[in-house]
Amino acid sequence: MSMQSFLTPDKLYFKQGCLPIALQELVDVYQVTRVLIRTDEEMLHNGRLVPLTGALYDMGLDYAVNSESFAADCVILYTGFVNAAQWNALPEVPRILIPSCICGTFCRSCIGADMVILDEDLIPDEPAALMRNRILTHAWSALTGGNASDYTLSWAVQAMRTVFGGHTDKTALLHAFWLAQQAFWNAKVPGVPDDTAMTEEACEALGMTMEELTAKIREVSDEEQQYAATHFKKQ
Amino acid sequence: MSEANKQSNPAIVDSVESLNALFTTVRAAQQQYASFTQEQVDAIFRAAALAANHARIPLAKMAVEETGMGVVEDKVIKNNYAAEHIYNHYKNTKTCGVIEEDKEFGIMKIAEPIGIIAAVIPTTNPTSTAIFKCLMALKTRNGIIISPHPRAKASTIEAARIVKEAAEKAGAPAGLIGWIDVPSLELTNTVMKEADIILATGGPGMVKSAYSSGTPAIGVGAGNAAAVIDSSADIVNAVSSLILSKTFDNGMICATEQTIIACKDIYDAVKAELIKRGCYFLNEEEKDKLRKTMLINGALNAKIVGQRPCTIAKLAGFEVPEDVKVLVGEAESTGVEEAFAHEKLTTILGMYKAEDFADATDKAEQLLINAGGLGHTSSLWIDNVNEREKIAAFADRMKTCRILVNTPSSLGGIGDLYNFKFPPSMTLGCGSWGGNSVSENVGVKHLLNVKTVAERRENMLWFRTPEKVYFKKGCLPVALDELKNVMNKKRCFVVTDSFLYKNGFTKVITDKLTEMGIAYTVFSDVEPDPTLKSAQIGAEAMRKFEPDCIIALGGGSAMDAGKIMWVLYEHPEADFLDMAMRFIDIRKRVYTFPKMGEKAYFIAIPTSSGTGSEVTPFAVITDQETGTKYPLADYELLPDMAIIDTDLMMSAPKGLTSASGIDAMVHALEAYASVMATDYTDGLAIRAMQLIFKYLPTAYEDGTNVKAREKMATASTMAGMAFANAFLGVCHSMAHKLGAYHHLPHGVANALLLTIVMRFNACEKPRKMGVFSQYQYPHTLERYVECAEACGVTGKDDQEIFENFLQKLEDLKVAIGIKKTIKDYGIDEQVFLEKLDQMSEDAFDDQCTGANPRYPLISEIKEMYLEAYYGEKK
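Residues numbered from 1 in each chain as written. Chains lettered and ligands numbered in written order. Predicted model: local features only at pLDDT ≥ 70, side-chain atom pairs only at ≥ 80, totals over all residues.

**Student:** What should I look at first to understand the overall build of chain A in this one?
**Tutor:** Across its full length, chain A carries 9 helices and 7 strands. Radius of gyration (C-alpha) of chain A: 19 Å, near the 18 Å computed for a compact globule of 235 residues. With the principal axes as the frame, chain A shows a C-alpha extent of 55 × 55 × 30 Å. Out of the 235 residues in chain A, the part that is buried amounts to 40%. Long-range pairs, those at least 24 residues apart, make up 73% of the contacts in chain A with a sequence separation of at least 6. (Helix = DSSP H or I, 4+ residues; strand = E, 2+ residues; numbered from the N terminus. Rg over C-alpha atoms; globule rule 2.2 N^0.38 Å. Buried ≥ 20, exposed ≤ 12 C-beta atoms within 10 Å, placed from the backbone. Contact = placed C-beta atoms within 7 Å.)

**Student:** Can you help me understand the overall build of chain B in this one?
**Tutor:** Secondary structure assignment for chain B yields 31 helices and 26 strands. Taking 874 residues into account, the globule formula puts the C-alpha radius of gyration at 29 Å, and chain B, at 40 Å, lies well above it. Based on the C-alpha atoms only, the size of chain B along its principal axes is roughly 115 × 65 × 55 Å. Put simply, chain B has 874 residues, and 54% of those count as buried.

**Student:** Can you help me understand the pairing of strand β2 (residues 107-113) of chain B in this one?
**Tutor:** For a regular strand, side chains alternate in direction, first toward one face of the sheet and then toward the other. Residue and element names in this part refer to chain B. Bridge analysis of strand β1 (residues 97-102) against β2 gives 5 bridges, and the strand direction is antiparallel. Its bridge partner being in β2, Asp 102 is matched across the sheet by Ile 107. Taking the residues that link successive antiparallel strands as the turn, the β1-β2 hairpin has 4 residues, and the phi of Gly 106 there is positive, at about 70°. Strand direction decides the pairing type here: β2 and strand β17 (residues 448-454), joined by 7 bridges, are antiparallel. Looking at β17, one finds that Met 108 is bridged to Val 453. (Pairing = 2+ DSSP bridges.)

**Student:** Even after reading the chapter, I still don't get the interface of chain B and chain A, so can you show me in this structure?
**Tutor:** Many authors give the size of an interface as the accessible area that is lost as the parts come together. With 34 residues of chain B at the contact, the number on the chain A side is 30 residues. Of all the secondary structure elements, the ones that give two or more residues to the side of chain B that touches chain A are β18 (461-463), β19 (468-471), α17 (476-485), α24 (679-701), α25 (706-726) and α28 (780-790) of chain B. The greatest single-element share of the side of chain B that touches chain A, amounting to 8 residues, is contributed by α24(B). Classifying every residue of the side of chain B that touches chain A by side-chain character gives 16 nonpolar, 7 polar and 11 charged. Both strand β1 (residues 4-6) of chain A and β19(B) contribute to a ladder of 3 bridges, which runs antiparallel. Note on β19(B): the bridge partner recorded for A:Gln4 is B:Phe471. (Nonpolar A, V, L, I, M, F, W, Y, C, P; charged D, E, K, R; others polar.)

**Student:** What's the story with unusual backbone geometry in this structure? I'm lost.
**Tutor:** Outside of glycine, negative phi angles account for most residues, and trans bonds account for most peptide bonds. All names here are of chain B. With phi around 50°, Leu 345 is a residue other than glycine that occupies positive phi space. Along the chain, Leu 345 turns up in the loop between β13 (326-330) and β14 (348-354). Even without being glycine, Lys 472 reaches a positive phi, approximately 125°. In this fold, Lys 472 is placed in the loop between β19 and α17. By C-beta crowding, Lys 472 is classed as buried, having 22 other C-beta atoms within 10 Å.

**Student:** Please clarify how the domain arrangement of chain B should be interpreted in this entry.
**Tutor:** Taken domain by domain, chain B holds domain 1 (3-219), domain 2 (225-419), domain 3 (460-648) and domain 4 (656-874). Centre-to-centre, using C-alpha coordinates, domain 2 of chain B lies 76 Å away from domain 4 of chain B. (Domains from an automatic or database assignment.)

**Student:** Explain the sheet that holds strand β6 (residues 95-99) of chain A to me, please; I cannot follow it from the model alone.
**Tutor:** In a beta sheet, neighbouring strands pair by backbone hydrogen bonds and run either parallel or antiparallel. Reading across from one edge, β4(A)-β3(A)-β5(A)-β6(A)-β7(A)-β2(A)-β18(B) is the order of the 7 strands in this open sheet, with mixed pairing throughout. Only two strands of the sheet have a single neighbouring strand rather than two, namely β4 (62-65) of chain A together with β18 of chain B. Neighbour to neighbour, the strand axes of the sheet diverge by 20° on average, direction disregarded. Where strand β3 (residues 34-39) of chain A meets strand β5 (residues 74-79) of chain A, 5 bridges bridge the pair, whose relative direction is parallel. Considered in β5(A), the bridge of A:Ile37 is made with A:Ile76. (Axes fitted to C-alpha atoms, helices over the stretch in contact; angles between N-to-C directions.)

**Student:** Mind showing me how you'd approach the domain arrangement of chain A here?
**Tutor:** Residues and elements named next belong to chain A. Here chain A is partitioned into domain 1 (11-122) and domain 2 (128-227). Of note, the centres of domain 1 and domain 2, computed from C-alpha atoms alone, are 27 Å apart. Across the boundary between the two partners, domain 1 contributes 10 residues, which contact 13 residues of domain 2.

**Student:** Explain the sheet that holds β14(B) here, please?
**Tutor:** Residues and elements named next belong to chain B. With respect to topology, 7 strands assemble into an open sheet ordered β10-β13-β14-β9-β8-β15-β16, the strand pairing being parallel. Because the sheet does not close on itself, it has two edges, and the strands there are β10 (279-281) and β16 (400-405). Taking each pair of neighbouring strands and ignoring which way they run, the sheet shows an average axis angle of 25°. In terms of strand pairing, β13 meets β14 through 4 bridges, oriented parallel. From the neighbouring strand, Leu 327 faces β14, where its bridge partner is Ile 348. Sheet strands touched by helix α10 (residues 235-247): β8 (225-229), β9 (257-263), β10, β13, β14 and β15 (375-381). Its angle to β9, the strand with the most contacts, is close to 165°.

**Student:** Before we go on, may I ask you to explain the confidence of the model for chain B in this structure?
**Tutor:** Caution applies to low-pLDDT parts of the model: their predicted coordinates are not meant to be read in detail. Residue and element names in this part refer to chain B. Averaged over all residues, the pLDDT of chain B equals 94, while 99% of them reach at least 70. Below pLDDT 50 for its whole length, residues 1-8 participates in 11 contacts with residues either more than four positions away or in separate chains. Listed scores for the predicted complex are pTM 0.86 and ipTM 0.93. (pLDDT = per-residue confidence, 0-100.)

**Student:** What is the right way to read the environment of A:Arg34 from this model?
**Tutor:** All names here are of chain A. Following the sequence through the fold, Arg 34 ends up in strand β3. Once the C-alpha coordinates of Arg 34 and Gln 182 are considered, the two residues, 148 residues apart in sequence, prove to be 29 Å apart. Among residues more than four places away in sequence, those in contact with Arg 34 are Asp 62, Phe 70, Ala 71, Ala 72 and Asp 73.

**Student:** Even after reading the chapter, I still don't get the nonpolar core, so can you show me in this structure?
**Tutor:** Formed by 210 residues in total, the largest nonpolar core has its most connected members in A:Ala156 and B:Ala688. Of all the elements, α24(B) adds the most residues to this core, at 13 residues. With near-sequence residues (within four places) excluded, B:Ala688 lies in contact with B:Ala664, B:Ala668, B:Ala715, B:Met718, B:Ala719 and B:Ala722. Listed in part, the 141 residues of the second largest apolar core include B:Tyr33, B:Tyr81, B:Val163 and B:Val270. (Core = buried A, V, L, I, M, F, W, Y, C linked by C-beta atoms within 7 Å.)

**Student:** Which parts of the structure should I look at to understand the pairing of β16(B)?
**Tutor:** Residues and elements named next belong to chain B. Pairing of β15 with β16 involves 5 bridges; the strand directions are parallel. Note that in β16 the partner of Ser 379 across the bridge is Leu 404. Taken together, β15, helix α15 (residues 388-397) and β16 form a β-α-β motif whose crossover is right-handed. (Right-handed = clockwise from strand over helix to strand, strands pointing away.)

**Student:** Before we go on, may I ask you to explain the packing of α24(B) against α25(B) in this structure?
**Tutor:** When two helices pack together, their arrangement is given by the angle between the helix axes and the distance between those axes. All names here are of chain B. For the pair α24 and α25, interaxial distance at closest approach is 8 Å and the crossing angle is 150°. As far as their axial angle goes, α25 and α24 are roughly antiparallel. As for the relative orientation of α24 and α25, their crossing is left-handed in sense. Mapping the contact onto sequence places Tyr 680, Thr 681, Leu 684, Ala 685, Arg 687, Ala 688, Leu 691, Ile 692, Tyr 695, Leu 696, Thr 698 and Ala 699 in α24 and Ala 708, Arg 709, Lys 711, Met 712, Thr 714, Ala 715, Met 718, Ala 719, Met 721, Ala 722, Asn 725 and Ala 726 in α25. The residue inventory of the contact of α24 with α25, partitioned by class, reads 17 nonpolar, 4 polar and 3 charged. (Parallel < 35°, antiparallel > 145°, perpendicular 65-115°, else oblique. Left-handed = near helix turned anticlockwise from the far one by under 90°.)

**Student:** Would you mind showing me how to read the packing of helix α5 (residues 128-143) of chain A against helix α7 (residues 170-187) of chain A here?
**Tutor:** All names here are of chain A. Between α5 and α7, whose axes approach to 8 Å, the crossing angle comes to 30°. In terms of orientation, α5 and α7 fall into the roughly parallel class. Helix-helix and strand crossings are classified by hand; for α5 and α7 the assignment is left-handed. Contact residues: α5 offers Ala 128, Met 131, Arg 132, Ile 135, His 138, Ala 139, Ser 141 and Ala 142, while α7 offers Leu 173, Ala 176, Phe 177, Ala 180, Gln 181, Ala 183, Phe 184 and Ala 187. Of the residues that constitute the contact of α5 with α7, the class distribution is 12 nonpolar, 3 polar and 1 charged.

**Student:** Just to check I follow, could you spell out the environment of B:Lys133 for this structure?
**Tutor:** All names here are of chain B. Relative to the helices and strands, Lys 133 resides in helix α6 (residues 126-139). Between the C-alpha atoms of Lys 133 and Ser 425, which are 292 residues apart in sequence, the distance is 9.3 Å. Discounting chain neighbours no more than four positions away, the residues touching Lys 133 are Ala 119, Ile 144 and Leu 199.

**Student:** How should the environment of B:Asn488 be read in this particular structure?
**Tutor:** Along the chain, B:Asn488 turns up in the loop between α17 and β20 (491-497). Placed 30 residues apart in sequence, B:Asn488 and B:Ile518 show a C-alpha to C-alpha distance of 9.1 Å.

Structure below.
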């Protein structure tokens, strides 16, 4: 391989309550006036769109939600799932991604969005066991990606440190989630075969043997199974 | 009177003793009232307003009868207004407990009553002002003691009594509203001294004694409004409105017009209209008689206040018809000696002829300065659609807190009648010009103590990298492909130093550019510490060549010089001193950095592993005249593309490999310990440390080892990305100055200071910790232990792990040939000591100091320098 590269958002902004401060850049830097919000159907009814639309309203911006005909000069994706086809169908204007949950997943293009905003206030309380396993799955897969590098490894390992460190709080898991997404979508590239060379480096970086790492991963996976068994059965 | 009322206002208040007893009663009631809810307060407020409104006619009659001033029908309006408009305006205003809350920003405002208001009531508007002040007290949960004017005490007290009874009937604690029955100067002074706040409406003497009492006071001043009539004004509307305003309650509202200033081209038309609508123009003899009657020893004659023209004329010794509305005296002087220039509080107007609008404005200003009324009210009649500039000029000139346009100023000034955003009030603040503490129409907010509860919140943080980062040995020509295929660039400017140029490092770039048909030029005069002068020369060359792409190839110097040239090329107007201004928060800095990238795309290509400049928003440049280093920092300086190709690093000499390699280690360690460190920078910093420990000795010993070179290149860029976002610390602050003062390589200077600074930072009880909302307690020892453990260091406790980590770093320094002390590098002791104080102060002031987890004292920096010089604590 003669060349490698990685994608990160042009601007990644984070901290609880940062939404209105980050959005101010739409006006100050991008001179945006009309915002198209793309979101999931259920968000229209559960009230979770209000902080975003409220902030846009306070800034005096026109906006529309999930409209096909609205001529926007900026798109905000406030969702947990975006695939490449959905991304490519977006208009060619600044694209802002605001993850709406930690159990979601995106696509490689999303990682290179113009701006990504991580604000705990916009993330629901999801069961920690589900979030932790979800993050770990992405982080682990990133290690074996054919395009893995020291950069993706550093992000994946940092996400693993958070999960193995026993963190269950939303803030720590939100950042681990995004690190794992960045690592995963950079390391796993369609058409590039898997490569396990980085897994040994990762063990070393984590100060673990492969057996210890495997056991840890199983532990987190069991947590999720257990959670699912006790909670989903009842419904 | 009901039983409760008898108890709450038990005795006639006519002495200091009985006033003190009243204070006890009011205070007890107020303390009880302070715990009432908004709902309870609003119900009481409403009931009191209703009762006052019901009594509007009897109170108006009583006031006119008692004072002998004003017009019953107009006083009815005033009473009605004081009850109705005040209620309507404030009925939904929150005045109790939490009045404002923003959970996201963690801020809350809580309204608390002040206590007891001393309310001084004037004779001109006795009942309406009493109603107004009592309602305001009720709405704000304050108690109130009224000090009436002796000439209006019966009607004032009756108004207060009506409000009090209604309030108590609606549930207010008995005795919340009290008054002085037999007013005297002594009692007025006592009530002002003992109250918690004074709300004084009255003459200048009264207001002054309120401010002198030692109690916080809201007093208002005398008016003297001049009505300027511009040539563009609607004269018919203006004249009738002026007459309406002037005759309202016989001119006793303090915002009423006292003079007219008409431009000369319409003067006669205004005069004719005034006469047509019932005004009387005085002849010279009558004017002189009236001047003598209006002012007695320079003070307004109380006998003319609030009187009709026929009454005033009689007093002055001449007759006018009974139906005359206003007496108009034409005047020329705007000086203090001209009686018509003064506030008259009755149905007399002075009238001036102005050359033009500018002269009219001058006259209006002169009247305020010479004859009083500063801070109160001004009035302007004008075409408000086409003459916006005149309105702006008038508003700019008048030192008055109410500037009314096309509005009768008496009724306009009290608010909510001719403009519905203008709050209604019977007490009009005149700002510092009028000797007041308030410049607005006094409202409930002035009678509350507002507590702000501000919860700790964290700053928004960020993670930013160049849009494109390409890496892998041999990737340079592949990455440059994009210039043609994706970006369609036409002209490329290459910045590098002469060594790299002469040794053919630029060839791979220029060959590729030639192959792609992109025109290029090479600037190869970058010096080791690039100067502003050489950057200016480079920028000049750029302006001539007009590149749409800049490639900076080299170490930190070439990349920094390239960034500065880029700025000078795109923004020749930018000032270096402004751009280099120190800041605490890069997002709140005073100076807004110019927008970059509009002319050229910037590519940074490092040839050594250390500075990380290819991914950072920083650049340092030296002023060749003064030797001053300007550190620039802004994300606008972030390269658009970074290309990290190990091929360019294979031939780096040992000294460079060691100095730049250890520099990268310090970048990683300082970024990790920084108060601005985040999960995003942590992961990169730790990986960089792991790689440097593992590969730097090999890269140093065996420069041909491709893997070691490649891993060091990666580590350097990763550390760069970490400190591009988390910033550095005091080790770099000190190394910058040590390098500048004693010409030590930057990496070596850092290496000599590193473990000393780490021990300084690891202290668990530092003299001062770093200031940053996210940084909660001195946890740097724990942070270093995290680094140590990730790098395989063990120990029985944190302290031992930390010590072992420092040893590992010292071992690394030895392995790459770095000496122990500053002294070992041949720096003369005498010279070092001579420059030490200034160097310490400069290091303290370095931009890097702000992110350090321990805020250093200058003396502490000096101690660390000494330790680094001698190799032991001095």
